[in-house]
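In case you want the letters, here they are:
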Amino acid sequence: SNGDNGGFVYWLGTSGRRERFQNPQDRGRVRVTSSGLARGRESLLVARKREACWTTDAPDSWICLDLGRNRRLAPTHYTLCSGSPDPGFDVAK
């Protein structure tokens, strides 16, 4: 399945599990920025669907999820979905 339903990004996208998921960046609940993407757009990084998206191949590349002034998060665990819907892009084990 696409994504999980137990994380903070999911919680933001569902208004605390009260609504069907909508991309939290599109809803204005999180702001995703980067040093530059070679493929895709920032909003894909908080989407439920697995789509190709990665930074440019440059030193010190970064991605930032800004939760806004009134939110704080102290994660104890996190999960990153890595890869692409296309074959050959998954992280090697």
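Cut-off values and rules
Residues numbered from 1 in each chain as written. Predicted model: local features only at pLDDT ≥ 70, side-chain atom pairs only at ≥ 80, totals over all residues. Heavy atoms only, no water. Buried < 20%, exposed > 50% of the residue type's maximum accessible area, 1.4 Å probe, protein only. Helix = DSSP H or I, 4+ residues; strand = E, 2+ residues; numbered from the N terminus. Pairing = 2+ DSSP bridges. Patch = residues over 30% accessible without salt bridge, like charges linked within 9 Å, V, L, I, M, F, W, Y side chains within 5 Å. Areas by Shrake-Rupley, 256 points an atom, 1.4 Å probe, with all protein chains shown as cover. Salt bridge = Lys/Arg side-chain N within 4 Å of Asp/Glu carboxyl O. Polar contact = N/O pair within 3.5 Å; in protein donor to acceptor, adjacent residues only side chain to side chain. Contact = heavy atoms within 4.5 Å. Phe/Tyr/Trp six-rings, centres within 6.5 Å; stacked < 30°, edge-to-face > 60°. Lys NZ or Arg CZ within 6 Å of the ring centre and 35° of its normal. pLDDT = per-residue confidence, 0-100.

Considering the pairing of strand β1 (residues 31-34)
In β1, alternate side chains face the same way, and those of Val32 and Ser34 are buried while those of Arg31 and Thr33 on the opposite face are not. Note that β1 and strand β4 (residues 63-66) share four bridges and pair antiparallel. Bridging across to β4, Val32 finds its partner in Leu65.

Comments concerning a nonpolar patch on the surface
A grouping of Leu45, Ile63 and Leu65 is seen on the molecular surface, where their side chains present a nonpolar patch of about 220 Å² in accessible area. Of note, Leu45 is situated in the loop between β2 (37-39) and β3 (54-55).

Overview of the pattern of salt bridges
Taken as a whole and assessed by the stated rule, the structure comprises one salt bridge. The residue Glu19 makes a salt bridge to Arg27 at a minimum N-O spacing of 2.3 Å. Take Glu19: its relative accessible area is 40%, and that puts it in the partly exposed class.

Here we look at the side chain of Ser15
Relative to the assigned elements, Ser15 resides in the loop between α1 (8-13) and β1. We classify Ser15 as buried; its relative accessible area is 8%. Side chain to side chain, Ser15 and Arg29 meet in a polar contact 2.6 Å long. Look past the residues within four positions of Ser15 in its chain and what remains in contact with it is Arg27 and Arg29.

A few points about the side chain of Asn23
Within the secondary structure, Asn23 is located in the loop between α1 and β1. Contacts of Asn23, omitting those with residues within four sequence positions, involve Ser43, Val46 and Ala47.

Observations regarding the packing of aromatic side chains
Counting across every chain of the model gives two aromatic pairs. Their ring planes at 15° and their centres at 5.8 Å tell us that Phe8 and Trp11 sit as a pair that is stacked. Within this pair, Phe8 and its partner Trp11 are both found in helix α1, separated by three residues, close to a single helical turn. Relative accessible area serves as the criterion here: at 41%, Trp11 is assigned to the partly exposed category. Residues Tyr10 and Phe21 carry aromatic rings whose centres are separated by 5.9 Å and whose planes lie at 10° to one another, so their mutual orientation is stacked. One end of the pair, Tyr10, is in helix α1; the other, Phe21, is in the loop between α1 and β1, and 11 residues separate them in sequence. For the residue pair Tyr10 and Phe21, the accessibility class agrees, reading buried in each case. Directly above the ring of Phe21 sits Arg48, whose terminal nitrogen or CZ lies 5.6 Å from the centroid.

What to know about the confidence of the model for the protein chain
For the protein chain, mean pLDDT is 86; residues scoring 70 or higher make up 87% of the total. The element-level mean pLDDT for the protein chain is lowest in β3, coming to 88, with β1 highest at 96.

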